[in-house]
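If you want the building blocks of each chain, they are given just below.
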Amino acid sequence: DAGVTQSPTHLIKTRGQQVTLRCSPKSGHDTVSWYQQALGQGPQFIFQYYEEEERQRGNFPDRFSGHQFPNYSSELNVNALLLGDSALYLCASSYWTSGRDEQFFGPGTRLTVL
Amino acid sequence: AQTVTQSQPEMSVQEAETVTLSCTYDTSENNYYLFWYKQPPSRQMILVIRQEAYKQQNATENRFSVNFQKAAKSFSLKISDSQLGDTAMYFCAFLAYDKVIFGPGTSLSVIP
């Protein structure tokens, strides 16, 4: 049973560029949440997707957008990259109904903006 | 606003000893979940233990146990018989309405 997977593992971009990160949820999960973890800090909630719609959003600008596909996988897009966007981006999956109390995390994508 | 506070940025413990990590949180919700996550240098966030707020009994998972004080909004983690593999960042987290709020973390080092 595959857990949550994320790609790529590492990514280097320059300011102003755009980036897309990908996440495949744990088998059977239908909800995907994205978090940003700056170095030395706890993860910060970006947004959550269920049934291909954004259900909740944290305090992040519109440069951060996402998408969920019919197979429940998800993408996180960040436009007009800033140096401050450098972070570990974590994806977590869960059930929308039963089991919503626990989220399973992927290994993360390390984004470096130069 | 919902917040999670971990007042110990760094801690260390001798192998085989017991250590307690502190966590306090603030919320107006009555139904919620609390978690302790472990994040080793490999970056993978691993669930250590969870507690449902409506349950008075403290959760236990092998060497890990919590002291949940709902009125005080306190949720500490006790690690017994510490092992070298316990070295990691530990995050206290709060879940209500599908959004997980994390604390800033405590870096735990287990010393041989």
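Here, every reference points to the structure presented above.
This structure is a prediction, so every number in the text was calculated from the model and none was measured. (Residues numbered from 1 in each chain as written. Chains lettered and ligands numbered in written order. Predicted model: local features only at pLDDT ≥ 70, side-chain atom pairs only at ≥ 80, totals over all residues. Heavy atoms only, no water.)

Draft legend 1. A look at the interface of chain B and chain A. Facing 18 residues of chain B, the contacting portion of chain A comprises 23 residues. Counting the surface chain B buries against chain A, the share from its top three residues, B:Arg43, B:Asp98 and B:Phe102, is 38%. There are five residue pairs in polar contact (both at pLDDT 80 or more) connecting chain B and chain A. For the side of chain B that touches chain A, the secondary-structure elements that each account for two or more residues are strand S5 (33–39), strand S6 (46–52), strand S10 (88–96) and strand S11 (99–102) of chain B. Along the lines of polarity and charge, the residues of the side of chain B that touches chain A split into eleven nonpolar, three polar and four charged. (Contact = heavy atoms within 4.5 Å. Buried area = accessible area lost by both parts, 1.4 Å probe. Polar contact = N/O pair within 3.5 Å; in protein donor to acceptor, adjacent residues only side chain to side chain. Helix = DSSP H or I, 4+ residues; strand = E, 2+ residues; numbered from the N terminus. Nonpolar A, V, L, I, M, F, W, Y, C, P; charged D, E, K, R; others polar.)

Draft legend 2. The pattern of salt bridges, seen in detail. All chains considered together, the criterion is met by seven salt bridges over all chains. Among the salt bridges present, the one from A:Asp85 reaches A:Arg63, with a minimum N-O distance of 2.8 Å. Linking A:Asp85 in the loop between strand S8 (74–78) and strand S9 (87–94) with A:Arg63 in the loop between strand S6 (53–57) and strand S7 (64–68), this pair joins segments that are 22 residues apart in sequence. Here A:Asp85 matches A:Arg63 in class, with each residue buried. Across the pair B:Asp26 and B:Lys73 runs a salt bridge whose closest N-O atoms are separated by 3.5 Å. On the criterion of sequence distance, the pair formed by B:Asp26 in strand S4 (residues 24–26) and B:Lys73 in the loop between strand S8 (64–69) and strand S9 (74–79) is long-range, its members being 47 residues apart. Note on B:Asp26: relative accessible area 39%, which makes it partly exposed. For B:Lys73, a relative accessible area of 25% gives the class partly exposed. (Salt bridge = Lys/Arg side-chain N within 4 Å of Asp/Glu carboxyl O. Buried < 20%, exposed > 50% of the residue type's maximum accessible area, 1.4 Å probe, protein only.)

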